Amino acid sequence: MTSNTSERDPILVVDGASKSFGGVRALRSVSFSALPGEIHALVGENGAGKSTLMKILAGNITADQGSITFEGRTVQFSHPRDAQAAGIAIVHQELSLAPNMSIAENVFVGREPTIRLLGFVNRRELYQRTTAALDQLGLRLDPWTKVSDIDVAMRQMVEIARAISFDCRVLILDEPTSALADQEIEALFAVLRRLAERGVAIIYISHKLNEVFALADRVTVLRDGQWVGSKLVSETDPDEVIRMMVGRNLEQLFPAKGSARVPEPILEVRGLSRGKAFTDVSFDLHPGEIVGLAGLVGAGRTEVARAIFGADPITGGTIKLEGRPARIANPQQAIERGVLYLPEDRKLHGLFPDMSIRANIVAATLGDHSKVGMLLPSAQQATTDRMVERLDIKVANTSASVSSLSGGNQQKAMFGKWLAATVKVFLVDEPTRGIDVSAKAEVHALLRDLADQGVAILLVSSELPEVIGASDRVLVMHEGQIAGEVSGAEMTEENIMRLATGQTRGTHTHARGA
Amino acid sequence: MPAEREPEPNAAADQEPAPSRQPRVGAALKTVLRQREIITVAIIIVTAFVFHLLTMSSEPGRWPSVFVQTSNLKSMLAPLAMTAIVAVGMLLVLICGGFDLSVGAVVALAGLVAGLTVKATGGNLFLTFAAGISVGVIVGLINGIVVTKFSVNPLIATLGMMSVARGLALAYVQKYGVVSGFPRNFLDFAWETHIWIKGGAIVLIAIAIAALGDVLLRNSRWLRQLYYIGGNQDAARLSGINVNLVRASTYVVCGALAALVGVFYAARYSEASAEAGVGMELQVIAACVIGGASLAGGQGTALGAVLGCTLMSIISNGLQTWGVKPAWQQVALGVVLIVAVTIDMFIARRRSAR
Amino acid sequence: MESDMRLRLGHVILAVTLVALIAAMICCAGCPKRPETVNVEGGGAGPATPSGGEGAAPSSESYVFIGISTGAEYWRAADAGLMDACEALGVTGDFRGPTTQDAQEQAEIMAQVIGMKPAGILIAPGRPDTLTPYINDAVEQGVPVICLDTDAPESDRIAYFGTDNYQAGRTGASILARLIQEVHPDDWAAGKTFKVAISSRPGQWNLDERVRGYEEYFSEEAPQIEVVQVFDDETLANRGEEKASAVLSAHPDLAGFAGVNAVSGLGIAAALKNADAVGKVQVVAMDGDEGILELIDEGVIQASVAQRQYWMSYLGAAYLYGLKHGVFTAPDGDGVDAEGEIPAEIDTTTVEVNKDNLDAFRTPSQGAKETMPEEFKAVIDQAKGA
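Counting from 1, residues in each chain are numbered in the order their sequence is written. Just so you know, chain letters begin at A and ligand numbers begin at 1, following the order they were written in. With pLDDT at 70 or above as the cut-off, local features in this predicted model cover only qualifying residues; side-chain atom pairs require 80 or more to be listed or tallied, and sums for whole chains, interfaces and linings still use all residues.

(A) Just the overall build of chain A, in detail. Secondary structure elements follow DSSP: runs of H or I of four or more residues count as helices, runs of E of two or more count as strands, with numbering from the N terminus. For chain A, the count of helices and strands is 17 helices and 22 strands. The C-alpha radius of gyration computed for chain A amounts to 24 Å, which stays within 12% of the reference 24 Å derived for 514 residues, consistent with globular compactness. Along the longest, intermediate and shortest principal axes, the C-alpha atoms of chain A span 70 × 50 × 50 Å. Counts of 20 or more other C-beta atoms within 10 Å of a residue's own C-beta define buried residues, counts of 12 or fewer define exposed ones, and intermediate counts define partly exposed ones; C-beta atoms are placed from the backbone. In chain A, buried positions account for 49% of the 514 residues. Relative to all contacts within chain A whose residues are 6 or more apart in sequence, the contacts with residues 24 or more apart total 69%. Taken over C-alpha atoms, the radius of gyration is set against a globule rule of 2.2 Å times the number of residues to the power 0.38. By the criterion used throughout, residues are in contact when their C-beta atoms, derived from the backbone, lie within 7 Å.

(B) Representation of the overall build of chain C. When helices and strands are counted, chain C shows 13 helices and twelve strands. Here chain C holds 386 residues, and 52% of them are scored as buried. For chain C, the proportion of contacts with a sequence separation of at least 24, taken over those separated by at least 6, is 72%.

(C) How the structure looks around the packing of helix H2 (residues 37–54) of chain B against helix H13 (residues 302–322) of chain B. All names here are of chain B. Axis lines are fitted to C-alpha atoms, over the contacting stretch for helices. Their N-to-C directions set the angle, which ranges from 0 to 180 degrees. At a minimum axis distance of 10 Å, the contact between H2 and H13 shows a crossing angle of 10 degrees. When the axis of H2 is compared with that of H13, the two are roughly parallel. Judged by the sense of rotation from one axis to the other, the crossing of H2 with H13 is left-handed. Facing Glu-37, Thr-40, Val-41, Ile-43, Ile-44, Thr-47, Ala-48, Phe-51 and Leu-54 of H2, the residues of H13 in contact are Leu-303, Gly-304, Leu-307, Gly-308, Thr-310, Leu-311, Ile-314, Ile-315, Gly-318 and Trp-322. When grouped by side-chain class, the residues that make up the contact of H2 with H13 number twelve nonpolar, six polar and one charged. Between 65 and 115 degrees an angle is taken as roughly perpendicular, under 35 as roughly parallel, over 145 as roughly antiparallel, and anywhere else as oblique. Crossing handedness: left-handed means the near helix sits turned counterclockwise from the far one by under a right angle, and right-handed means the same turn made clockwise. Amino acid classes used here: Ala, Val, Leu, Ile, Met, Phe, Trp, Tyr, Cys and Pro are nonpolar; Asp, Glu, Lys and Arg are charged; the rest, including Gly, are polar.

(D) Geometry of the interface of chain B and chain C. Contacts between the two partners involve 39 residues from chain B and, on the opposite side, 39 residues from chain C. Of the residues that constitute the side of chain B that touches chain C, the class distribution is 16 nonpolar, 17 polar and six charged.

(E) Fine view of the arrangement of the chains. No other pair among the two pairs of chains in contact exceeds the contact count of chains B and C. Kept free of each other, chain A and chain C leave a smallest C-alpha distance of 10 Å between them.

(F) Seen up close, the domain arrangement of chain C. All names here are of chain C. Each domain's limits were defined by an automated method or a database of domain assignments. The domain architecture assigned to chain C consists of domain 1 (62–163 + 308–348 + 364–383) and domain 2 (165–307). Taking only C-alpha atoms, the centre of domain 1 and the centre of domain 2 are 30 Å apart. If you look at the interface, domain 1 gives eleven residues, while domain 2 gives nine residues. Grouping the constituent residues of the side of domain 1 that touches domain 2 by class yields three nonpolar, four polar and four charged.

(G) Geometry of the sheet that holds strand E8 (residues 256–259) of chain C. All names here are of chain C. The pairing criterion is simple: DSSP has to find at least two bridges between the two strands. Within the open sheet, the six strands sit side by side as E7-E6-E8-E9-E10-E12. Their pairing is mixed. Looking at the sheet topology across the chains shown, the edges are occupied by strand E7 (225–232) and strand E12 (350–354). Across the sheet, the mean angle from the axis of one strand to that of its neighbour is 20 degrees, orientation sign disregarded. One ladder, built from four bridges, connects strand E6 (residues 194–200) with E8; its direction is parallel. By the bridge assignment, Ile-198 is partnered in E8 with Ala-258.

(H) How the structure looks around helix H8 (residues 200–219) of chain B. An ideal rise of 1.5 Å per residue puts 28 Å on 20 residues; H8(B) measures up with 28 Å between its terminal C-alpha atoms. Gly200(B), Ala201(B), Ile202(B), Val203(B), Ala206(B), Ile209(B), Ala210(B), Gly213(B), Asp214(B) and Leu217(B) are the residues of H8(B) that are buried. Given the number of residues in a helix, its expected span is that number minus one, multiplied by 1.5 Å.

(I) Focus on the packing of helix H3 (residues 70–95) of chain B against helix H12 (residues 280–290) of chain B. Residue and element names in this part refer to chain B. The interhelical angle for the contact between H3 and H12, taken along N-to-C directions, is 70 degrees, at an axis separation of 9 Å. Judged on the interaxial angle alone, H12 and H3 are roughly perpendicular. Of H12, the residues touching H3 (which contributes Thr-83, Val-86, Ala-87, Met-90, Leu-91 and Leu-94) are Met-280, Gln-283, Val-284, Ile-285, Ala-287 and Cys-288. Class assignment for the residues of the contact of H3 with H12 results in ten nonpolar, two polar and no charged.

(J) Quick look at the pairing of strand E6 (residues 88–91) of chain A. Residue and element names in this part refer to chain A. Of the two faces of E6, both are covered, the one formed by Ile-88 and Ile-90 as well as the one formed by Ala-89 and Val-91. In this structure, E6 lies alongside strand E7 (residues 170–174), joined through four bridges in parallel fashion. Bridge pairing in E7 places Ile-90 opposite Ile-172.

(K) Here's a closer look at the sheet that holds strand E16 (residues 339–342) of chain A. Residues and elements named next belong to chain A. As summarised here, the arrangement of the six strands in space is E16-E19-E20-E13-E21-E22, forming an open sheet in which the pairing is mixed. Looking along the sheet, the strands with just one partner apiece sit at the ends: E16 and strand E22 (481–487). Neighbour to neighbour, the strand axes of the sheet diverge by 20 degrees on average, direction disregarded. Pairing of strand E21 (residues 473–478) with E22 involves six bridges; the strand directions are antiparallel. What sits directly across from Val-474, in E22, is Val-486. On top of the sheet, helix H15 (residues 437–452) reaches strand E13 (290–295), strand E19 (425–429) and strand E20 (456–460); it is set at about 150 degrees to E20, its chief contact.

(L) Just the interface of chain A and chain B, in detail. Opposite the 36 residues of chain A that make contact, chain B presents 29 residues. Contributing elements (two or more residues each) for the side of chain A that touches chain B: helix H10 (331–336), helix H11 (346–350), strand E18 (374–375) and helix H13 (377–391) of chain A. Of the residues contributing to the side of chain A that touches chain B, the split by class is 20 nonpolar, eleven polar and five charged.

(M) Fine view of the confidence of the model for chain A. Residues and elements named next belong to chain A. As a per-residue measure, pLDDT reflects the predictor's confidence and takes values from 0 up to 100. On average, residues of chain A carry a pLDDT of 85, and 94% of them reach 70 or more. The model gives residues 1–5 a pLDDT under 50, and that stretch makes ten contacts with residues more than four places away or in other chains. A low-confidence stretch, residues 510–514 (pLDDT under 50), is modelled with nine contacts involving residues beyond four sequence positions or located in other chains.

(N) Region of the structure containing H2(B). All names here are of chain B. The terminal C-alpha atoms of H2 lie 26 Å apart, and with 18 residues this matches the ideal 26 Å at 1.5 Å per residue to within 8%. Every buried residue of H2 is listed here: Ile-39, Thr-40, Ile-43 and Phe-51. Down the axis, H2 shows its buried residues gathered within 100 degrees of arc, on one side only. Turned more than 90 degrees away from the buried face of H2, the exposed residues are Ile-45 and Val-46. Comment: arc refers to directions from the helix axis out to C-beta atoms.

(O) Seen up close, the environment of Asp142(A). Residue and element names in this part refer to chain A. Mapped onto the elements of the fold, Asp-142 is located in the loop between helix H4 (123–136) and helix H5 (152–164). Exposure remark for Asp-142: the 15 C-beta atoms within 10 Å place this residue in the partly exposed category. Remark: the alpha-carbon pair of Asp-142 and Pro-431, spanning 289 residues in sequence, is separated by 31 Å.

(P) Highlighting the pairing of strand E9 (residues 218–223) of chain A. Residues and elements named next belong to chain A. Counting buried residues in E9 gives five out of six residues, a clear majority hidden from the surface. Across five bridges, the pairing between strand E3 (residues 39–44) and E9 is parallel. Across the sheet, Leu-42 pairs through a bridge with Thr-220, a residue of E9. Both E9 and strand E10 (residues 226–232) contribute to a ladder of six bridges, which runs antiparallel. Bridge assignment links Arg-218 to a residue of E10, and that residue is Leu-232. Two successive antiparallel strands, E9 and E10, enclose a turn made up of two residues, where Asp-224 displays a positive phi of approximately 55 degrees.

(Q) Spatial organisation of unusual backbone geometry. Residue and element names in this part refer to chain C. At Lys-117, a position not held by glycine, the phi torsion is positive, near 50 degrees. Its place among the elements puts Lys-117 in the loop between helix H3 (103–115) and strand E3 (120–123). The residue Thr-235 is not glycine, and still its phi comes out positive at about 50 degrees. Tracing the backbone shows Thr-235 in the loop between E7 and helix H8 (237–250). Judged by local crowding, Thr-235 falls into the buried class, with 24 C-beta atoms found within 10 Å.

(R) Representation of the confidence of the model for chain C. All names here are of chain C. Chain-level statistics for chain C give a pLDDT mean of 84 and a share of 89% at 70 or above. Summarising per-element confidence for chain C, the mean pLDDT is lowest in helix H1 (residues 2–30) (72) and highest in E8 (96). Here residues 33–59 scores under 50 on pLDDT; set against residues more than four positions off or in separate chains, the count is 56 contacts. Listed scores for the predicted complex are pTM 0.76 and ipTM 0.80.

(S) How the structure looks around the environment of Ala368(C). Tracing the sequence through the fold places Ala368(C) in helix H12 (residues 366–371). Taking C-alpha positions, Ala368(C) is 7.1 Å from Trp311(C), a pair spaced 57 residues apart along the chain.

Here it is, written out as structure tokens:
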């Protein structure tokens, strides 16, 4: 924690900022300030206005009303370049890297060091400066690696490296850890603290209160586009913050564990392999239970889920569905049999960005909404309305593009797509990534609800609290294999981490292809 | 027990109260105006008006302008119909994010096959059309398989087929010459008057195909899948859409429609040659884009494609009736295309930003 | 990792194979040619070789004709003339050209053909400027060149046999004037003006010459006829139709259409059919493609100006053969055709095709063969040294 922040003048002051999109008031006269050298967390539910506020500060959009004062001068940013030039850097929630370019080229895009007189890119200097930025984050990456060759977590770190390389005075991070594992998060925190010590003001937007309380000096809460309160972290606690965010007490994050588990398994996976991605994976799923699938990034969890779903081919092993052998060669067959998969990256694999919310919700069930090959608008609307209500998706008009929804609502829309179908086995991959606390609770309640109705759920997640809180038992993967299973009292973060990092081999009834 | 879908709620509860007469008309009007095609319609009307003014004549007893005469407008219809049919086929391919550069070659090859068939069968129209259209279907199948199963870039794959088809046509013509001397009934079929237009059969067919295409694109399950695939191919696959099958089918339909036009082309011009349809593919793609299709896929309507063809036809005819020299016509056509697409992009972007 | 090593091995094998293939090709290129033999096969009416020059280098005496494009019906008669001459002379004939009227592509093909060192080249240059340097290159390398159908007057070609395009235009104009006069005798006598339009591809030299012929004939011999439009049909029937229709709309009292390339007539015919103006507007087309003949038969087109491509290539092959075998000498440019000297220019003239003589033109070379003047036929005998 940094000290004596109260003696300094704020480096950034937002006064009475308001912004509307169409008829939606995203910000209502919000005031906010950041002191140099402090880590200031900004929290709030989806739609609270955090992203909007940050986009105004970063120059992506302009406020309808209100003023921004930076280092004592009133400023007006009409383009991200202006904000960057002023010394404000932002790491967005949505990654904006060019996948076919290298890390170095992405980090220094638009401002590559050049050889004087010739104007050519000075590749040596580019390499050095990129390495320097990556080292700060503790990353051992070759700056010439193509971004498309590294995974989502690494890409997020590259984004952060880019922001850091700007030598800024204000650094804004919007949900920076959604794809990161614990070690990477620690490395990031260390960097941020160092930057704060150098006098950089850090604005940290996050849903994860544990991070807020571990890292920040101050926390500001927004709700429904309005400022609710700002407190020193040392003078408050998570419950109070949640109360401020939600306006009410949240009983529990996770619903009670289920007791609906049926003895006969509905899904039996034996010796499943897919090249190098995973080998000899065996487990059962029973209707009525939620089974967590934990492991480090790259352990093969998503690959297993996708393979069961038929999205990727398998090179070995068998699957039995409802007691009978099943060959699922493609997603279409999986869906017909009631096996559904919620992808971890909704933007890349889950949503259709130019299509309406309604079109997105019926995407997997077009057949159910047609008669004689023609789609029925009324049936589609009915399903859409049902999903909107059931999942509490905040939307004014279901004909609007799905990109107009906030991240959390987009995630809900993706859920809606799957809930419109008949589900027997639901494979969910990072279902609460990038959504706020109360929405997370809703998702967990939904999953438990589905389980109680007889669905078998495989929950892939990198958030250990979530895995432990939501699952009945947890399978842990390590480097492509099932390292072990924990349940009951053994479901602790340490046990899971030990299995995930390969430090222990646990017991697992289907370890060797029974 | 698998989860059942929830029982249907009272749907009416979610809707707005039944609107009264007045607002419904207003709402309908608003929906119409919000359609992307309105922009193209507006540009068409403006362009037509401009040519109307430019070609005004002062001779008594004649139409006020050369451009706006029934005979002139009617003369544009049949050639426009041919382009429009191909455009609808191309649109399907475009929406899925692909391209089909082989359509012009298919027009020629199908025309040759049809020409030979009609002569060999002494005028059996059914077999003639069947033979001609199968050429398009076969080319389309090959295109579809190469693009989906072998993941070849559509531009390259269809360029290759264009070469093959055009080459086959040339090889035939070099050895045996162009095909002509068709039975009377074949020529009559193409030239008979329908709906007061000589050679109206093709116009009627074009209207039917455009209307059917538009309705199906908006409402049918199979063609709606094109938009999903064009919008996010991965997500479409993960949503259970059989991406390969649907994409391949667009190439088959595109080829079939181009072949259909090829058969009519041979009948209309009394000759089946290897040089028909040269350059048609790019014209048709341009027309689709003017009408609202995106080269990146995921957008476009059949109505828009037809409007795009109409605009290009109007410009070509207008420039000629106005008397612009040939070289300058090309310049003018290019300029107008750029302007039209820019205006369209500008307006469309303004709208989505609101 | 194991798999990485396997990958690398595969790459090595691939690379070695490719290098071996390249080496093999280089070796073959340096191999000595097969010994020269006189190949008696000749062409006849055999299939013309498609463009691109993928055949093996002709090892016998061969004469190559490079057309403007291989796709047009027009060149089949030229091909036939070449093949007939070569058969009579006992040598090989070869017809090549680009698939589309791309002068650049034609130039590339010419370069390839030069490399094969034929006994002589006949060429119809798509654009004289583009092909002139290649023609000169051929002559420099000892391959004589004669231009057919279209000329490259600035080049070192030894002769030009073809339609005098300008004359062809004048002929067409005279036919059109005659037709109009026949249909409107009273108005003609009263000195009324008549409008005509010409369908062409402006920019192509031979077509421009024909248009010039039309225009000058009218202004000199039939000033009552006014050319209101020369429009671009893009050598496509549907585009020609669209343009012709537009012209018809602009000039409803149009008396005649002329088409100066082989496809022009098709578009004009369709436009007239569409507008119910068949017979009201007189049409003179170009060349005798089957489609045009059909339309003449139908009465939509009144006449066509047919060229004698057959004669062009027949004579071209004969003269080149004679040149090679010492019977003829190249023209010396003194304007006088001495004994044994190849004429610098031969106008193969044109003939009017109309409903009366249409049947003779059904086969591409039949009519031409039958009507070839005696002195042309004699050239072959002279060349053989008989």
